[in-house]
Amino acid sequence: MEHLKFIFSAVIIWTSSYGQGGKLLVGEQLRYVERFGNIWLDCLTPDNTSVWCRVGWLKGTGSRIENGSHYAMYCNGSLEITNVTADLVGAERPYRCYDVNGMLEHSNSVIIEVKNLPTPVVMNVTVVEGDTARLTCNVEGAQPPPSEFRWYHSGLLLEGERFSDLILREVKHWQYGNYTCVVSSDDNTATGSGLLIVFYIDVVNTTATNVVAVLNSSDVIHFGCQASGVPMVTDIAWSFPPNINVLDTIDFLSEYVTTSSEVIGRKGFGHSGLYNCTATNGITEKTVTFSLTIKGPPEAPNGLTLLSLSAYAAHVMWTAQFDGNDPVISYHVIVWSNRNNFTITSNQSTILLTKLLPNTLYRYKVVAQNGFGNGSSSDDAEFKTLSLPPFSPPSNVQVVLISSTAVNISWEIPQFNSSVDTILYTYIWYTSQVGGNLHAAKRSSAELIVNNKTDVIISNLAKGTQYLFTLCLGNKEGRGPCKEVVKTTLKTAPSPPVISAVVINSDSIQLSWAIEDDGGNPSLLYSLRQRTDPNDGGVLLLSRAALDDMQYLVEHLMPNTSYWFSVVAHSDSGDIAEVSSTLVITKPLPPGTPVSVLAKRNTVTWLPSNGTNQKEGASSFYIVEYMLGTSDWHIDSSTFRTTEPILDITGIEAGRVYRVRVRAGNSGGLSDWSDPVMFTAVIRQVAQVAATSESVDDTVVIAVLCTSAAVVAIITIMIIVVSFLIYNRRQKIRKSCYSNLVY
């Protein structure tokens, strides 16, 4: 009864799983089994429950498995494989379970591999010392793959090496020997070994490698080395600086090769250098180096150079040479001349020599010193100190007047000692007196250089002027102290004034004059006289007056009148210049405004002002201006100039109304414009009068129409009559607002 209940429950579970649908499962996709061992495979539903008597198994490409010698299938879906061999498993023979009723999909595949761990293979490796060696532990075909690698060298575990490749960088020769690889796979281990062969040469010194010897010593210096290696050393050789006497020997022993080299004879600086012992075995080579240093006094400096120079000091430098393989401690500078000598020490390759004598030739040389003594001295060099400027002024300075504008200056040069070089020049500076102080602001000053002379003439001086003359001696180093001498030039009478006049208007004139030569009298006085007749005494406008600008404005004169003006210059010493005179004519008064202006049939006439007004002058010319209608004057107007009180206007349009006005003028100016009158232009055949601008300089050509005297008289009478009529009617014309009128 219990057995039936179990079967009934399984059927219910199986039916429930079917109802769900899905895909069968077989768990892990890769399984391992020992050779000839047994392995179980389970087939589960999607909810991980066992199936019951409804499952079959497939192998490879789909072959059904039947119970037999190696297979046993159970109702719970399990498959047991016994006595497993390689022909039952492998990647090409995967296993799958399936639903015999076809309700569920086939399961995924599971691959079964027979466990296999072959003996690792480690190949022998040969490298040269210093290269990189790679040893590989090969376990091809291991199932499952190895989980761990361990390496041993001569039985000692190499910590941290956990991979199939063992990489040794910069291999040393002591790393040669057997290397063992231990491989772990699942619970199995396998061991394999390989040999690392290192080719090398080892060279060591058997004597000191750094040797110091004294210059010119005769001691024998010995260098020795010993070499060994794999393969064995086949050759050993020395290299050393050229041109030296070296004896070397080589001994081959069973395991080592020894060699020695001896430096014999007197030692020079050329023996210093590197001595190399090099061994080879046909595969590689190695060198051990020995150093020989010969020390002695330093070599002589060269390149002695003068950097700067003065009268009492010199700055020199030099170039250090080979120091004898020992640092230079100091330099000794030996200085001498025909006047003194000394030695001074410096710890640098430059020095400032002081307390020298001026204008002196010095020679010097330099000796370098180190711990082995003084070296040889450099070649001699020389320099000459600068001389001093003269320390005394010129002596016996004489300033002699040779004219009112020139002096002769002479002097003597004192004797100087050897510290002062040859006197090359005399510097002379001179200035005139201003305000009683020769050292204050200068009225005039100049300078000159006199070479190889002790006298000079200075000309173009101001007359009657006090001068300060300053003399200094000099050479190429500069000037010395100076000597000052004061001298006053002679005075003479001033030259006659040169007068000029500018007529300002009818009653005033601006006078000015200039003095070409004041005769050494910078402060002159002036007298000015005015005359209307050159023979009378006239009026004295100035009497010995001081006028720095030499100008005078004369006012309240008569118009259009001739005046004579004379100027006299007086010096403070009483000298009087010649009298200078000039004639000036004042301007006339401007004329009065023309009257009785009449315009008829293109002809304009007028009368000059009657001149009864004392403020009016006579007319010299007239300016006539006309324009159309009521246009603005000076914009649309035209002008003519004439010397007669009549004018025929040409170039106008017939039938048009014009306005015209007149003004008079002379050299004193222009009158006001007359009141304008109006006329209507007509066509007439008349001679033209040339038109000009309003400028008083234009020329007006008036055509003369009548030539006979009778005709002239008749025209004059007609003009008078017409002028009278125009005068009477002018007021009427204005009131008619310039309507067209025909006379």
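Residues numbered from 1 in each chain as written. Predicted model: local features only at pLDDT ≥ 70, side-chain atom pairs only at ≥ 80, totals over all residues. Heavy atoms only, no water.

Explanation requested: the overall build of the protein chain in the structure shown.
When its secondary structure is counted, the protein chain shows 2 helices and 53 strands. Evaluated residue by residue, the protein chain yields a buried proportion of 38% over its 743 residues. Residue pairs at least 24 apart in sequence account for 64% of intrachain contacts in the protein chain once pairs closer than 6 positions are excluded. (Helix = DSSP H or I, 4+ residues; strand = E, 2+ residues; numbered from the N terminus. Buried < 20%, exposed > 50% of the residue type's maximum accessible area, 1.4 Å probe, protein only. Contact = heavy atoms within 4.5 Å.)

Could you clarify how one ought to interpret the packing of aromatic side chains in this entry?
Given two aromatic rings, their pairing is described by the distance between the two centres and the angle made by the two planes. Under the criterion given, the structure shown has 20 aromatic pairs. Geometrically, the ring pair formed by Tyr-71 and Tyr-95 is tilted, given 6.4 Å between the ring centres and 55 degrees between the ring planes. Of the two residues, Tyr-71 is situated in strand β5 (residues 71-73) and Tyr-95 in strand β7 (residues 95-99); the sequence distance between them amounts to 24 residues. The exposure class of Tyr-71 is buried, given its relative accessible area of 12%. Judged by its relative accessible area of 0%, Tyr-95 falls in the buried class. The residue whose ring lies beneath Arg-479 is Tyr-427, and the NZ or CZ to ring-centre distance is 3.6 Å. In this structure, Arg-661 packs its charged tip against the face of Trp-673, placed 4.3 Å from the ring centre. (Phe/Tyr/Trp six-rings, centres within 6.5 Å; stacked < 30°, edge-to-face > 60°. Lys NZ or Arg CZ within 6 Å of the ring centre and 35° of its normal.)

What's the story with the pairing of strand β25 (residues 314-319) in this structure? I'm lost.
As a general feature of sheets, a regular strand has side chains that alternate between the two faces. Side chains Ala-314, Val-316 and Trp-318 of β25 all project onto a buried face; the interleaved residues His-315, Met-317 and Thr-319 project onto a face where none is buried. Turn length for the strand β24 (residues 302-309)-β25 hairpin, with the two strands adjacent in sequence and antiparallel, is 4 residues. (Pairing = 2+ DSSP bridges.)

Can you help me understand the sheet that holds strand β9 (residues 121-122) in this one?
Two strands in a sheet stick together by hydrogen bonds in their backbones, pointing the same way (parallel) or opposite ways (antiparallel). Taken in spatial order, the 3 strands make up an open sheet running β9-β11-β14, and their pairing is antiparallel. Edge positions in the sheet fall to β9 and β14 (165-168), since each of these pairs with one other strand and no more. Note that strand β11 (residues 133-138) and β14 share 4 bridges and pair antiparallel. Looking at β14, one finds that Arg-134 is bridged to Ile-167.

Would you mind going over the pattern of salt bridges with me for this structure?
Opposite charge on two side chains permits them to pair, given that their charged atoms come into close proximity. One pass over the full model with this rule turns up 9 salt bridges. Across the pair Arg-93 and Glu-92 runs a salt bridge whose closest N-O atoms are separated by 2.7 Å. By relative accessible area, which is 25% here, Arg-93 ends up partly exposed. Residue class for Glu-92 comes out exposed when judged on its relative accessible area of 54%. (Salt bridge = Lys/Arg side-chain N within 4 Å of Asp/Glu carboxyl O.)

Sorry, what's going on with the sheet that holds strand β19 (residues 235-239) here?
Sheet architecture is open: 4 strands sit in the order β17-β23-β22-β19, paired in mixed fashion. At either end of the open sheet lies a strand with only one pairing partner, and these are β17 (210-214) and β19. Across the sheet, the mean angle separating the axes of adjacent strands is 20 degrees when strand polarity is ignored. Judged from the 5 bridges that link them, β17 and strand β23 (residues 285-295) form a sheet pairing that is parallel. Following the sheet pairing, Val-211 is matched in β23 by Leu-292. (Axes fitted to C-alpha atoms, helices over the stretch in contact; angles between N-to-C directions.)

I keep staring at the pairing of strand β38 (residues 478-488) and nothing clicks. Help me out?
Here 9 bridges tie strand β37 (residues 466-475) to β38, and the two strands are oriented antiparallel to one another. Its bridge partner lying in β38, Leu-471 is registered against Lys-483. What sits between the antiparallel neighbours β37 and β38 is a turn of 2 residues.

Before we go on, may I ask you to explain the side chain of Glu-80 in this structure?
Tracing the chain through its elements places Glu-80 in strand β6 (residues 79-81). Residue contacts for Glu-80: discarding those within four places in its chain leaves Ile-39, Trp-40, His-70, Tyr-71, Ala-72 and Tyr-74.

Looking at this structure, how should I read unusual backbone geometry?
The omega torsion of the bond from Gln-143 to Pro-144 falls at -10 degrees, within 30 degrees of zero and hence cis. In this structure, Pro-144 sits in the loop between β11 and β12 (148-153). Not every positive phi belongs to a glycine, and Lys-355 is a case in point at roughly 60 degrees. Along the polypeptide, Lys-355 turns up in the loop between β28 (350-353) and β29 (361-370). Although it is not a glycine, Ser-596 adopts a positive phi angle of roughly 55 degrees. When you line up the elements, Ser-596 lands in strand β46 (residues 595-600).

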